[in-house]
Amino acid sequence: MSELRGSDTFFLSYTLGYAKRGEIMIKMQNVNKFFGDLHVLKDVNLEVAEGEKLVIIGPSGSGKSTAVRCMNFLEMPTSGNVFINGEELTSKNKTKLVRETTSMVFQQFNLYPHMTVLKNLTLAPMKLHHKSKKEAEELAYHYLDIVGLREKAHVYPTTLSGGQQQRIAIARALCAQTKIILFDEPTSALDPETIQEVLDVMIRLAKENITMVVVTHEMGFARQVADRIVFMADGQIIEEGVPEHFFTNPENDRVKQFLGKIIR
Amino acid sequence: MDGLFSITAWEKVWTYRSTFLLGLYNTSRMALFALILSLVLGIIFGLMATSGKKYLEVISRVYVEVIQNTPLILQLCFLYYALAFSGKSLGIVVTGIISLGIYHGAYMAEVVRAGIGAIPKGQFEAAESQGFNYVEKMYFIILPQSIKIILPPMVNQIVNLIKNTSCLYIIGGADLISLTYSFVTGATTGGAYAPAYLVSGLLFFIVCFPLSTLASIWENSLKKRELKTAEAVKTISEGVVTK
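Residues numbered from 1 in each chain as written. Chains lettered and ligands numbered in written order. Predicted model: local features only at pLDDT ≥ 70, side-chain atom pairs only at ≥ 80, totals over all residues. Heavy atoms only, no water.

A. Geometry of the overall build of chain A. When its secondary structure is counted, chain A shows ten helices and ten strands. On C-alpha atoms alone, chain A measures out to a radius of gyration of 18 Å, which is about the 18 Å that the 2.2 N^0.38 rule sets for 264 residues. Expressed along its principal axes, the backbone C-alpha trace of chain A runs to roughly 55 × 45 × 40 Å. Sorting the 264 residues of chain A into buried and exposed places 56% on the buried side. For chain A, long-range pairs separated by at least 24 residues make up 67% of all intrachain contacts whose partners lie at least 6 apart in sequence. Per element, the accessible surface of chain A, about 11,200 Å² overall, is 49% carbon and sulfur. In chain A, which carries 31 positive and 32 negative side-chain charges, the distance between the mean positions of the two groups comes to 5 Å. (Helix = DSSP H or I, 4+ residues; strand = E, 2+ residues; numbered from the N terminus. Rg over C-alpha atoms; globule rule 2.2 N^0.38 Å. Buried < 20%, exposed > 50% of the residue type's maximum accessible area, 1.4 Å probe, protein only. Contact = heavy atoms within 4.5 Å. Areas by Shrake-Rupley, 256 points an atom, 1.4 Å probe, with all protein chains shown as cover. Lys, Arg positive; Asp, Glu negative; His and termini not counted. Charge placed at Lys NZ, Arg CZ, Asp CG, Glu CD.)

Structural data, given as structure tokens:
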């Protein structure tokens with residue numbers, strides 16, 4: 001703990017009290033997903049341990065986003081099971097389980113444009129987690145500090161740059177204090193010069209015991225923070241491993257091809 | 001003595017002014033109750049149309065299409081005479097309120113559907129991913145955003161509803177048009193056609209014009225604000241404003 005920077009102590013309260021790393025937080029069992037005739041996920045099996053940082057990469061249309069969206073039932077699998085924290089996710093208990101365990105950060109930020117940044121952050125804690133206004137605002141400022149945007153608390157999201165909006169969206173996800181945060185291509189809609197500010201926040205987050213599943217095309221980020229990388233193509237997981245293995249000697253030709261194109 | 005410029009005709013209208021005011025009162029009262037019914041139906045069927053549940057969408061669609069593609073007068077007569085012959089007449093006023101409510105409910109449903117449909121999918125997903133249930137999601141996140149889109153066309157529908165009370169004439173309602181007609185054809189009051197219809201029209205205009213003006217002002221300011229937001233976003237993304 002002594003090597004933590006001052007700013008990192010913010011996170012300690014977040015992680016205290018959670019079980020130690022290693023328990024299975026997310027489990028996908030033979031998950032298939034069809035959009036009409038299109039077979040988007042083909043018998044996907046995947047486990048994510050508590051505190052693990054899993055990065056999913058792969059070409060566009062490979063089913064990465066769909067896989068992540070199945071983890072909180074934004075997409076319902078056509079067949080197969082999804083378990084969150086040991087409990088099977090069904091359409092009936094979705095709202096409850098999602099509330100308690102997962103948050104999501106979207107490619108398009110999806111902040112609520114009719115509310116100030118502060119309201120965006122306090123809405124769920126107040127209405128869903130029954131926190132008082134004071135508690136919710138303290139929480140909101142706490143996470144605004146972490147993403148470095150405290151001074152934007154009272155502005156409307158549309159007046160912010162994409163990078164700032166995404167940092168606010170991450171703060172909003174953190175305010176739910178869930179064990180899992182899912183990131184669906186969080187930097188893909190950003191201008192190149194604002195990508196890094198978002199990645200920096202995520203890199204800092206990754207030092208904590210939060211379970212992170214990140215769909216991204218940012219290979220530098222994947223290499224730096226991933227405990228494990230999963231490569232998807234045509235709706236299947238075709239290779240997985242630690243970043244070291246993944247970037248230095250991938251086995252699958254498809255992966256080699258992809259990495260050859262993306263890393264110059 | 002019947003002409004537009006006949007003093008006696010105008011005097012007659014003035015003497016019986018309470019008839020016109022009663023007509024206006026009846027029309028407004030019926031319009032108000034019909035409006036409440038149409039709003040309730042519009043919200044229910046509008047929400048059904050955007051629920052993503054196939055059977056609810058079909059029910060909503062059938063209601064909207066059947067009502068919008070048959071004349072109001074037919075619906076009015078159908079309800080009035082069908083009920084009258086089955087021996088359970090609800091009376092002219094209640095029948096009028098129900099028919100007008102159902103008729104405009106179909107249009108309100110379309111307005112609500114369009115308003116909700118204009119909200120980006122990401123807003124629904126963000127709300128769901130935070131764990132809001134359907135009611136919470138609509139109440140806190142979706143409807144506050146769609147209300148601005150919904151209100152101007154809704155006010156236009158209110159104007160139409162007020163004007164459509166004139167259809168009650170066909171079943172002999174006590175609305176403004178019916179009373180005007182009784183007035184101009186009455187044994188003692190008859191004759192003053194032109195002034196009577198002019199006054200009747202003026203009363204409709206006095207009620208409807210402010211409403212439709214409000215609706216168009218509202219709509220324009222909404223468009224302006226959208227433009228402003230779009231410009232602000234563009235300016236920021238072009239990096240002209242740097243923080």
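B. Here's a closer look at the side chain of B:Ser178. Residue and element names in this part refer to chain B. Mapped onto the elements of the fold, serine 178 is located in helix α8 (residues 176–185). Within the structure, the side chain of serine 178 is placed 2.5 Å from the side chain of aspartate 175, a separation counted as a polar contact. Setting aside chain neighbours within four positions, we find serine 178 in contact with Leu168, Tyr169, Gly172 and Gly173. (Polar contact = N/O pair within 3.5 Å; in protein donor to acceptor, adjacent residues only side chain to side chain.)

C. Summary view of the sheet that holds strand β2 (residues 38–49) of chain A. All names here are of chain A. Pairing within the open sheet is antiparallel, and its four strands lie in the order β2-β1-β4-β5. Two strands close off the open sheet at either side, each with one partner strand: β2 and β5 (87–88). Where strand β1 (residues 24–35) lies against strand β4 (residues 79–84), five bridges are found, and the strand directions are antiparallel. Residue pairing in the sheet places asparagine 32 in a bridge with serine 79 of β4. (Pairing = 2+ DSSP bridges.)

D. Geometry of the interface of chain B and chain A. Every contact between the two is made by 22 residues of chain B and, on the other side, 29 residues of chain A. Considering only the surface of chain B that becomes buried against chain A, B:Ser129, B:Gln130 and B:Phe140 emerge as the three largest contributors, covering 27% of it. Counting the contacts that link chain B with chain A gives three salt bridges. Here B:Glu136 ties to A:Arg99 by a salt bridge, and the two come within 2.8 Å at their closest N and O atoms. Here chain B and chain A share ten residue pairs in polar contact (both at pLDDT 80 or more) between them. (Buried area = accessible area lost by both parts, 1.4 Å probe. Salt bridge = Lys/Arg side-chain N within 4 Å of Asp/Glu carboxyl O.)

E. The arrangement of the packing of aromatic side chains in detail. A complete count under the given rule lists eleven aromatic pairs over all chains for this structure. Ring centres of B:Phe132 and B:Phe140 lie 6.1 Å apart, and the angle between their planes is 55°; on these two criteria the pair is classed as tilted. Like B:Phe132, the residue B:Phe140 is buried in the burial classification. Measuring from ring centre to ring centre gives 5.3 Å for B:Tyr139 and B:Phe140, while their planes differ by 75°; the resulting arrangement is edge-to-face. Classification of B:Tyr139 as exposed rests on a relative accessible area of 60%. Feature note: the residues A:Phe231, A:Phe246, A:Phe247 and A:Phe258 constitute an aromatic cluster, connected by ring pairs. Directly above the aromatic system of A:Phe83 lies the positively charged group of A:Lys27, at a separation of 5.8 Å from the ring centroid. Here the basic side chain of A:Arg172 rests over the ring of A:Tyr112, its NZ or CZ set 4.5 Å away from the ring centre. (Phe/Tyr/Trp six-rings, centres within 6.5 Å; stacked < 30°, edge-to-face > 60°. Lys NZ or Arg CZ within 6 Å of the ring centre and 35° of its normal.)

F. View of the nonpolar core. A:Ile26, A:Ile56, A:Tyr112, A:Leu182, A:Val213, B:Phe132 and B:Ile141 are the most contacted members of the largest nonpolar core, which totals 86 residues. The contacts of A:Leu182, once residues within four sequence positions are left out, are A:Ile26, A:Val68, A:Met71, A:Asn72, A:Ser103, A:Met104, A:Val105 and A:Val213. Counting 52 residues, the second-largest nonpolar core is a separate cluster that includes A:Ile57, A:Leu160, A:Met202 and A:Val255. (Core = buried A, V, L, I, M, F, W, Y, C linked by side-chain atoms within 4.5 Å.)

G. Summary view of unusual backbone geometry. All names here are of chain A. The residue asparagine 85 is not glycine, and still its phi comes out positive at about 55°. Here asparagine 85 is to be found in the loop between β4 and β5. Its identity is not glycine, yet phenylalanine 109 carries a phi of approximately 65°, on the positive side. By the secondary structure assignment, phenylalanine 109 is in the loop between β6 (102–105) and α4 (117–127). Since its relative accessible area comes to 9%, phenylalanine 109 is described here as buried.

H. Spotlight on helix α4 (residues 72–85) of chain B. Residues and elements named next belong to chain B. If you check α4, its first and last C-alpha atoms are 20 Å apart, about what 14 residues at 1.5 Å a residue would give, namely 20 Å. Taken together, the buried positions of α4 are Leu72, Gln75, Leu76 and Tyr80. Buried residues in α4, looked at end-on, bunch into an arc of 120°, giving them a common side. When the buried face of α4 is taken as reference, the exposed residues oriented beyond 90 degrees from it are Phe78 and Phe85. Turning to α4, the residues buried within the fold contact α3 (54–68), α5 (92–117) and α7 (134–164). One or two steps after α4, the chain reaches glycine 87, where phi turns positive at roughly 85°. (Expected span 1.5 Å × (residues − 1). Arc of directions from axis to C-beta.)

I. Local environment of helix α1 (residues 7–15) of chain B. Residues and elements named next belong to chain B. Buried residues of α1: Ala9, Lys12 and Val13, and no others. The arc enclosing the buried residues of α1, seen along the axis, measures out at 100°, which places them on a common side. α1 presents Ile7, Trp14 and Thr15 as exposed residues on the side facing more than 90 degrees away from its buried surface.

J. Highlighting a nonpolar patch on the surface. Where nonpolar side chains cluster on the molecular surface, the patch consists of B:Ile73, B:Tyr169, B:Ile170, B:Tyr181, B:Tyr193 and B:Tyr197 and spans about 530 Å² of accessible area. Exposure remark for B:Tyr197: the relative accessible area of 33% places this residue in the partly exposed category. (Patch = residues over 30% accessible without salt bridge, like charges linked within 9 Å, V, L, I, M, F, W, Y side chains within 5 Å.)

K. Representation of the pairing of strand β9 (residues 228–233) of chain A. Residue and element names in this part refer to chain A. By the criterion of burial, β9 is predominantly enclosed, with six of the six residues buried. Residue alternation in β9 divides its side chains into two sets, Arg228, Val230 and Met232 and Ile229, Phe231 and Ala233, and both sets are buried. Where strand β3 (residues 53–57) and β9 come together, four bridges link them in parallel fashion. Among the inter-strand pairings, leucine 54 is bridged to a residue of β9, identified as arginine 228. Here five bridges tie β9 to strand β10 (residues 236–241), and the two strands are oriented antiparallel to one another.

L. How the structure looks around the packing of α5(B) against α7(B). Residues and elements named next belong to chain B. Packing of α5 against α7 brings their axes to within 8 Å, and their N-to-C directions diverge by 145°. Like other packed secondary-structure pairs, α5 and α7 cross with a definite hand, here right-handed. Per-class residue counts for the contact of α5 with α7 are 16 nonpolar, six polar and no charged. (Axes fitted to C-alpha atoms, helices over the stretch in contact; angles between N-to-C directions. Left-handed = near helix turned anticlockwise from the far one by under 90°. Nonpolar A, V, L, I, M, F, W, Y, C, P; charged D, E, K, R; others polar.)

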